[in-house]
Amino acid sequence: MSKYFSRKQGELKAYVPGEQPRNVQKFIKLNTNESPFPPAPEVVNAVAAAAQKANLYCDPTMLKLREDLAGIYGYTPEYFTLGNGSDELLSFAFLAFCNQEIGAAYADVTYGFYSVLSRLYATDTKIVPLDAQYCINPEDYAGLGRTIFIANPNAPTGIALTRLQIESILQANPDNVVIIDQAYVDFGAECAIPLVEKYDNLLVINTFSKSRSFAGGRVGFAVAQPALIADLETVRNSINPYNVNSLSQAAAHAILQHNDYYMQNCKVVARNRVYLTKQLDALGFTTLPSLTNFVFTKHSSISGEQLYQKLKEHAILVRYFDAPGICDFCRITVGTKEQVDALLDVIRSIL
Ligand code: PMP
């Protein structure tokens, strides 16, 4: 830390992303919940075409993409905005809907970026424990008087609330914004976007990073009633109106033109998840019921850290969290059938 840093020691605790190894081809990479499937070829062509016009600024209103999203999800373009990954939209949401008076609330075991942002923006925060089955209990979120952040499905557990349960949280907090971060929704959970029409306090945050094979392109989108979106837009335009660059905008447009390809890939991943879970069961693992592209799993004869280390020695990367209550587990991204089988072979040899 330099003497110029304007923050007090320990005030910030930066997010630690999963490993992104340089020699990535050496590994089976199951540690950051990316898609194992490449972008559709048209996406690559769209990026190449957009690169030729990269001397010009991109469209700061992202109108074409908001129209595309309106076509897929219903509503009008005023219901949408986009971010440089959904992480940026989460950051905008903290800035728009939390401050020292309006605190935040989220689960004790959930996406790690919420606590990073809450510290960054000095937000008063209530941590709500998961229940004994690692589930979010909607009743614990009734009338908290805070902005609520829920990853649905939750990460790293993979467990999802139903749309009815989300509605109960929305109804119990009519004067506060409820953010549903549904990064993994396309792999089988109930989507909250249809609820936007009914609830003016709902903000749904989504990403192209998982189901749409575009983690490196950094595109996320938010859906809410126009008044909430206008608040996010005020924040976005106060930080970086060109937050989604022209190459990523062109790619995202091409991705949405080929939405069926991506949704089909999600079905393959969901099938592989069921297969992986069954095989892990047979090997004595306990795996939480996931509706995502990853499983959270533990075994009585090997710790989460040991399994992570052993798999790494065999060139398979998974994620391990050194945190209370979950350090027995590993989070393993569901890849192709070939990747799943290679993983299972190595796990058998380790056990
Ligand atoms: N929300 C959750 C629950 C996540 O797991 C992630 C991925 N790390 C994100 C949001 C952020 O994704 P991205 O910024 O790539 O859109």
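Not measured: the values here are computed from a predicted model.

(A) Main features of the overall build of the chain. Summing up its helical and strand segments, the chain has 10 helices and 13 strands in all. In terms of its C-alpha atoms, the chain occupies a principal-axis envelope of roughly 55 × 50 × 50 Å. The buried share of the chain, taken over its 351 residues, is 51%. Long-range contacts, defined as pairs at least 24 residues apart, comprise 72% of the intrachain contacts of the chain with a sequence gap of at least 6.

(B) Just the sheet that holds strand 10 (residues 294-299), in detail. One open sheet accounts for four strands, arranged 9-10-13-12; its pairing is antiparallel. Two strands close off the open sheet at either side, each with one partner strand: strand 9 (285-287) and strand 12 (319-320). Sheet topology note: the strand 9/strand 10 ladder contains three bridges and is antiparallel. By the bridge assignment, T286 is partnered in strand 10 with K298.

(C) Examining the sheet that holds strand 8 (residues 220-224) more closely. Taken in spatial order, the seven strands line up as 2-8-7-6-5-3-4 in an open sheet, and their pairing is mixed. Unpaired on one side and paired on the other, strand 2 (80-83) and strand 4 (125-128) mark the two borders of the sheet. Here the average twist between neighbouring strands, direction ignored, is 20 degrees. Sheet analysis places strand 6 (residues 178-181) next to strand 7 (residues 202-207), joined by four bridges and oriented parallel. Pairing of I180 across the sheet is with V204, part of strand 7.

(D) Up close: the site of the ligand. Around the ligand, the structure places G85, S86, D87, Y111, D181, A183, Y184, T207, S209, K210 and R218. Between the ligand and Y111, the relevant distance is 3.3 Å, taken from a nitrogen atom to a side-chain nitrogen or oxygen of the residue. Here Y184 contributes a side-chain N or O atom positioned 2.7 Å from an oxygen atom of the ligand. Considered class by class, the residues forming the shell around the ligand number three nonpolar, four polar and four charged.

(E) Up close: the domain arrangement of the chain. Annotation of the chain at the domain level lists domain 1 (7-38 + 260-350) and domain 2 (55-258). Taken over C-alpha atoms, the centre of domain 1 sits 24 Å from the centre of domain 2. Listed per partner, the contact involves 35 residues of domain 1 and 29 residues of domain 2. Buried area between domain 1 and domain 2, both sides added, is near 2600 Å², and the carbon and sulfur share of it is 65%. At the junction of domain 1 with domain 2, the criterion picks out 10 residue pairs in polar contact (both at pLDDT 80 or more). Sorting the residues of the side of domain 1 that touches domain 2 by element identifies helix 8 (259-282) and strand 10 as the ones contributing at least two each. In terms of residue count, the dominant contributor to the side of domain 1 that touches domain 2 is helix 8 (eight residues).

(F) Spotlight on helix 5 (residues 163-171). Listed as buried for helix 5 are I166, E167, I169 and L170. On an axial view of helix 5, the arc spanned by its buried residues comes to 160 degrees, and they lie on one face. Counted as exposed and oriented over 90 degrees from the buried face of helix 5: L164 and Q171. Residues of helix 5 that are buried make contact with strand 5 (147-151), strand 6 and strand 7.

(G) Fine view of a nonpolar patch on the surface. Residues M1, F5 and L12 make up a contiguous nonpolar surface patch of about 320 Å² in total accessible area. You can see M1 is positioned in the segment before strand 1 (28-29). With a relative accessible area of 67%, M1 lands in the exposed category.

(H) Up close: the pattern of salt bridges. Enumeration over the complete set of coordinates arrives at 10 salt bridges. Between R146 and D124 there is a salt bridge, and its shortest N-O distance comes to 3.0 Å. With R146 in the loop between strand 4 and strand 5 and D124 in the loop between helix 4 (113-120) and strand 4, the pair connects residues that are 22 residues apart, well separated along the chain. The class of R146 is buried, set by a relative accessible area of 16%. Accessibility expressed as a relative area gives 42% for D124, which makes it partly exposed. As a salt-bridge pair, R236 and E233 come within 2.6 Å of each other at their nearest N and O atoms. One end of the pair, R236, and the other, E233, are both in helix 6 (residues 226-239), three residues apart, so they sit about a helical turn from each other.

Cut-off values and rules
Residues numbered from 1 in each chain as written. Predicted model: local features only at pLDDT ≥ 70, side-chain atom pairs only at ≥ 80, totals over all residues. Heavy atoms only, no water. Helix = DSSP H or I, 4+ residues; strand = E, 2+ residues; numbered from the N terminus. Buried < 20%, exposed > 50% of the residue type's maximum accessible area, 1.4 Å probe, protein only. Contact = heavy atoms within 4.5 Å. Pairing = 2+ DSSP bridges. Axes fitted to C-alpha atoms, helices over the stretch in contact; angles between N-to-C directions. Near = heavy atom within 4 Å. Polar contact = N/O pair within 3.5 Å; in protein donor to acceptor, adjacent residues only side chain to side chain. Nonpolar A, V, L, I, M, F, W, Y, C, P; charged D, E, K, R; others polar. Domains from an automatic or database assignment. Buried area = accessible area lost by both parts, 1.4 Å probe. Arc of directions from axis to C-beta. Patch = residues over 30% accessible without salt bridge, like charges linked within 9 Å, V, L, I, M, F, W, Y side chains within 5 Å. Areas by Shrake-Rupley, 256 points an atom, 1.4 Å probe, with all protein chains shown as cover. Salt bridge = Lys/Arg side-chain N within 4 Å of Asp/Glu carboxyl O.

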